[in-house]
Amino acid sequence: MKVDHETLHKIAHLARLEVKPDEEAALLSSLNGVLTWMEQLNEVDTTGVEPLTHMSAETNVLREDVAGNHLPREQALSNAPQHDEQFFEVPKVLE
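Here is what the cut-offs are and how they apply
Residues numbered from 1 in each chain as written. Predicted model: local features only at pLDDT ≥ 70, side-chain atom pairs only at ≥ 80, totals over all residues. Heavy atoms only, no water. Helix = DSSP H or I, 4+ residues; strand = E, 2+ residues; numbered from the N terminus. Rg over C-alpha atoms; globule rule 2.2 N^0.38 Å. Buried < 20%, exposed > 50% of the residue type's maximum accessible area, 1.4 Å probe, protein only. Contact = heavy atoms within 4.5 Å. Areas by Shrake-Rupley, 256 points an atom, 1.4 Å probe, with all protein chains shown as cover. Polar contact = N/O pair within 3.5 Å; in protein donor to acceptor, adjacent residues only side chain to side chain. Expected span 1.5 Å × (residues − 1). Arc of directions from axis to C-beta. Patch = residues over 30% accessible without salt bridge, like charges linked within 9 Å, V, L, I, M, F, W, Y side chains within 5 Å. Salt bridge = Lys/Arg side-chain N within 4 Å of Asp/Glu carboxyl O. Axes fitted to C-alpha atoms, helices over the stretch in contact; angles between N-to-C directions. Parallel < 35°, antiparallel > 145°, perpendicular 65-115°, else oblique. Nonpolar A, V, L, I, M, F, W, Y, C, P; charged D, E, K, R; others polar.

1. Observations concerning the overall build of the protein chain
In terms of helices and strands, the protein chain carries three helices and zero strands. Listed N to C, the secondary structure of the protein chain is α-α-α in terms of helices and strands. Against the globule reference of 12 Å for 95 residues, the protein chain gives a C-alpha radius of gyration of 28 Å, more extended than a compact globule. With respect to the principal axes defined by its C-alpha atoms, the protein chain has extents near 70 × 45 × 20 Å. Expressed as a percentage of the 95 residues in the protein chain, the buried residues total 9%. When contacts within the protein chain are restricted to residue pairs at least 6 apart in sequence, long-range pairs at least 24 apart make up 29% of them. Total accessible area on the protein chain stands at roughly 9600 Å², and carbon and sulfur atoms take up 56% of it.

What follows is the structure, encoded as structure tokens:
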């Protein structure tokens, strides 16, 4: 498959991209290179290969959620530059 100018404009419209005329040649070359590479991948024999759901077989090793000794609220708030009786006070981030 080869991408032409008309297909490039259609893809750009669907992706809501503004493609300048001087960028078209480079984009066409890149898109055609990707499609050529995909065609090469399609030639690989993948019979008997199960599809992947994840790229890695690694799984997260999580620790048990166990209650332990934690810093008391009063001690944590004592180091805060601004606080009320229960919470840290920080500058407003969202308007």
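Once the structure has been displayed, the description carries forward.
2. Observations regarding the environment of threonine 7
Here threonine 7 lies in helix H1 (residues 5–14). Linking threonine 7 and glutamate 64, residues 57 residues apart in sequence, is a C-alpha distance of 54 Å. In this structure the side chain of threonine 7 is engaged in a polar contact, spanning 2.5 Å, whose partner is the side chain of aspartate 4.

3. Focus: helix H2 (residues 24–42)
Helix length check: H2, at 19 residues, gives a terminal C-alpha distance of 27 Å against a target of 27 Å (1.5 Å per residue), a fit within 8%. Of all the residues in H2, the buried ones are Glu24, Leu28 and Asn32. Around the axis of H2, the buried residues are gathered within 55° of arc, so they sit on the same side. Along its buried surface, H2 packs onto H1.

4. Some details on a nonpolar patch on the surface
A cluster of nonpolar residues, Val34, Trp37, Met38, Leu41 and Val44, forms a patch on the protein surface that exposes about 470 Å² of accessible area. For leucine 41, the location among the structural elements is in helix H2.

5. Things to note about the packing of H1 against H2
Between H1 and H2, the least distance of the axes is 11 Å, while the angle of their chain directions is 90°. Compared by their axis directions, H1 and H2 come out roughly perpendicular. Side by side, H1 and H2 meet where His5, Leu8 and His9 of the first sit next to Glu24, Leu27, Leu28 and Leu31 of the second. Residues of the contact of H1 with H2, tallied by class, amount to four nonpolar, two polar and one charged.

6. Here we look at unusual backbone geometry
Positive phi, normally seen in glycine, also occurs at arginine 16, with a value near 55°. Note on placement: arginine 16 falls in the loop between H1 and H2. Taking relative accessible area as the criterion, arginine 16 reaches 67% and is therefore assigned exposed.

7. Here's the deal with the side chain of asparagine 32
Locating asparagine 32 in the fold gives a position in helix H2. With a relative accessible area of 12%, asparagine 32 lands in the buried category. Residues within four places of asparagine 32 in sequence aside, it is in contact with Met1, Lys2 and Val3.

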